[in-house]
Amino acid sequence: LRVTGVQTCALPICETKIGEINVNMVYGGMRGMKAMVWETSVLDPVEGIRFQGYSIPELQGGVLPTAKEGGEPLPEALFWLLVTGEIPSDAETKQLSQQWAGAADLPAHVVQMLDNFPSHLHPMAQFAAAINALNSESIFAAEYAKGTHKSKYWEHTFEDSMNLIAKLPSVAAKIYNNLYRDGAGLGVIDPNADWSKNFTDMIGYNDEQFTELMRLYLTIHSDHEGGNVSAHTSHLVGSTLADPYLSFAAAMDGLAGPLHGLANQEVLVWLTQLRKDLGGKNVSDKELHDFIWNTLKSGRVVPGYGHAVLRKTDPRYTCQREFALKHLPDDDMFKLVAQIYKLVPDILLAQGKAKNPWPNVDAHSGDRKS
């Protein structure tokens with residue numbers, strides 16, 4: 001039902017009433033107002049995110065193929081599930097990994113552009129610029145210019161999307177290496193490695209535990225309904241028949257804002273400042289309690305807490321917390337995040353302004369970047 005251009009629906013379900021709308025809902029940024037049909041994932045206020053009907057614990061419990069027995073699900077396996085609605089076999093997942101590995105190389109002009117950017121240019125600005133520059137590789141744009149029939153649009157869009165997904169780790173790794181590894185090269189992409197493994201190899205992390213964390217991280221961030229800023233932006237730009245590279249680059253510009261993806265960075269900045277202000281690693285509950293209240297009284301927020309839809313702790317937060325409890329229980333930053341989790345909800349409830357005092361995914365994923 002979802003195609004480039006005009007969308008139609010002739011099924012009986014299309015006449016189903018999905019909600020009531022009032023002016024406050026419109027002014028409130030569509031919160032509480034159903035305005036889309038999104039097949040790949042559903043965000044329930046109480047239950048949390050489900051991907052094609054599966055919860056995160058179910059996906060972690062062996063539903064999806066993994067790189068090793070009992071390991072975290074592979075994001076390419078979730079991609080298969082999202083697109084087809086079916087659980088892929090190990091062989092199908094491996095084939096997808098190999099396809100992405102085979103298309104991961106970057107054009108020389110994109111590498112040169114990234115090398116010429118100043119170090120103070122934010123990584124997300126570099127990321128979006130590089131994706132825009134990858135428009136040179138667009139099959140859709142080339143075929144559209146030739147006058148391809150509109151019935152073929154989806155095929156060329158799909159090809160572009162697959163190639164773009166393949167190249168995203170290379171773009172991110174190139175930016176990371178330029179900023180933090182003195183311009184180290186990406187190395188040779190292993191055609192037999194999974195998407196996450198090739199990415200961690202590119203940025204110089206050979207710890208299998210870190211790679212497992214990356215597999216989990218990329219899986220839980222793969223989809224989040226279609227109404228968030230970045231997803232909506234990509235659809236809006238794509239509706240003009242802009243190719244997937246341009247559409248995705250626009251989405252990344254939306255993701256870069258502090259009320260969206262940059263919240264992840266804001267968490268780390270806030271945690272780092274907290275430790276600096278309170279003098280080190282071991283912070284008492286009383287010190288932390290006062291620091292949190294001072295943050296709120298100064299008109300700032302506790303980054304990573306609250307969600308426009310969820311009314312419980314984000315399951316994506318929970319699965320990262322469980323990973324840390326299993327593998328990194330003595331990590332100083334994790335212990336601080338756990339301590340904050342113990343205190344912040346009650347403080348936000350006492351303040352009385354937060355409808356949802358529980359942490360979202362950023363409250364945990366931000367600290368892991370340290």
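Definitions and cut-offs
- Residues numbered from 1 in each chain as written.
- Predicted model: local features only at pLDDT ≥ 70, side-chain atom pairs only at ≥ 80, totals over all residues.
- Heavy atoms only, no water.
- 1 Å grid on protein atoms, 1.4 Å probe; cavity = no way out; pocket = protein on both sides within 12 Å on 5 of 7 lines; lining within 4 Å.
- Points joined across faces, edges and corners; volume = space filled by probe spheres on them.
- Helix = DSSP H or I, 4+ residues; strand = E, 2+ residues; numbered from the N terminus.
- Nonpolar A, V, L, I, M, F, W, Y, C, P; charged D, E, K, R; others polar.
- Phe/Tyr/Trp six-rings, centres within 6.5 Å; stacked < 30°, edge-to-face > 60°.
- Buried < 20%, exposed > 50% of the residue type's maximum accessible area, 1.4 Å probe, protein only.
- Salt bridge = Lys/Arg side-chain N within 4 Å of Asp/Glu carboxyl O.
- Lys, Arg positive; Asp, Glu negative; His and termini not counted.
- Contact = heavy atoms within 4.5 Å.
- Core = buried A, V, L, I, M, F, W, Y, C linked by side-chain atoms within 4.5 Å.
- pLDDT = per-residue confidence, 0-100.
- Expected span 1.5 Å × (residues − 1).
- Pairing = 2+ DSSP bridges.

### What about the layout of surface pockets?
Roughly 230 Å³ of internal volume is contained in the second largest pocket. In this structure, the second largest pocket is lined by 14 residues; those nearest its centre are Gly-70, Glu-72, Phe-323, Lys-326 and His-327. Secondary-structure elements contributing two or more residues to the lining of the second largest pocket are helix H10 (208–220) and helix H15 (315–327). If one sorts the elements of the lining of the second largest pocket by residue count, H15 sits on top with five residues. Here the residues of the lining of the second largest pocket sort into two nonpolar, five polar and seven charged.

### Brief notes about the packing of aromatic side chains
Enumeration according to the criterion identifies nine aromatic pairs in this entry. Taking 5.2 Å as the distance between ring centres and 65° as the angle between the ring planes, the aromatic pair formed by Phe-79 and Trp-100 counts as edge-to-face. With a gap of 21 residues between them, Phe-79 in helix H3 (residues 75–84) and Trp-100 in helix H4 (residues 90–102) connect regions that are remote in the sequence. Exposure remark for Trp-100: the relative accessible area of 2% places this residue in the buried category. Residues Tyr-317 and Tyr-341 carry aromatic rings whose centres are separated by 5.0 Å and whose planes lie at 55° to one another, so their mutual orientation is tilted. Remark: Tyr-341 occurs in helix H16 (residues 332–351) and Tyr-317 occurs in helix H15; sequence separation between them is 24 residues. Residue classification places Tyr-317 among the buried residues on the basis of a relative accessible area of 1%.

### Let's talk about the pattern of salt bridges
If the charged atoms of two oppositely charged side chains come close together, the side chains can form a pair. Under the counting rule described, the total for this entry stands at 13 salt bridges. Taking the shortest distance from any N to any O, the salt bridge between Glu-47 and Arg-50 comes out at 2.6 Å. For Arg-50, the salt bridge identified is with Glu-58, shortest N-O distance 3.3 Å. Here the salt bridges share partners, and the residues they tie into one network are Asp-194, Glu-208, Glu-212 and Arg-215.

### Thoughts on the side chain of Glu-76
In this fold, Glu-76 is placed in helix H3. Buried and unpaired, Glu-76 has no salt bridge, with Arg-215 as the nearest side chain of opposite charge at 6.8 Å. Not counting residues within four places of it along the chain, the set of residues in contact with Glu-76 comprises Thr-93, Leu-96, Ser-97, Trp-100, Asp-194 and Trp-195.

### Description of the nonpolar core
Trp-270, Leu-271, Leu-274, Leu-288, Ile-292, Tyr-305 and Ile-340 are the most contacted members of the largest nonpolar core, which has 21 residues in total. Where this core is concerned, the elements lending two or more residues are helix H13 (263–277), helix H14 (285–297) and H16. When residues in this core are grouped by element, the largest group, eight residues, is from H16. Ignoring anything within four residues of it in the chain, the contact list for Ile-292 reads Trp-270, Val-302, Leu-343, Val-344 and Ile-347.

### Some thoughts on the confidence of the model for the chain
Per-residue confidence for the chain gives a mean pLDDT of 90, with 92% of residues at or over 70. Every residue in residues 1–6 is under pLDDT 50, and counting partners more than four places away or in other chains gives nine contacts.

### Structural notes on H15
Across its 13 residues, H15 extends 18 Å between first and last C-alpha, which sits within 8% of the 18 Å expected from 1.5 Å per residue. Within H15 the residues assigned to the buried category are Pro-315, Arg-316, Tyr-317, Cys-319, Gln-320, Phe-323 and Ala-324.

### Regarding the pairing of strand E2 (residues 48–51)
Bridging between strand E1 (residues 41–44) and E2 involves four bridges; their strand directions are antiparallel. Across the sheet, the residue bridging to Leu-43 is Ile-49, located in E2. Hairpin connection between E1 and E2: a loop of three residues separates the two successive antiparallel strands. Pairing of E2 with strand E3 (residues 54–55), which is carried by two bridges, proceeds in the antiparallel orientation. Residue pairing across strands places Phe-51 opposite Tyr-54, the latter belonging to E3. Between E2 and E3, which pair antiparallel and follow one another directly, the connecting turn spans two residues, one of which, Gln-52, has a positive phi of 50°.

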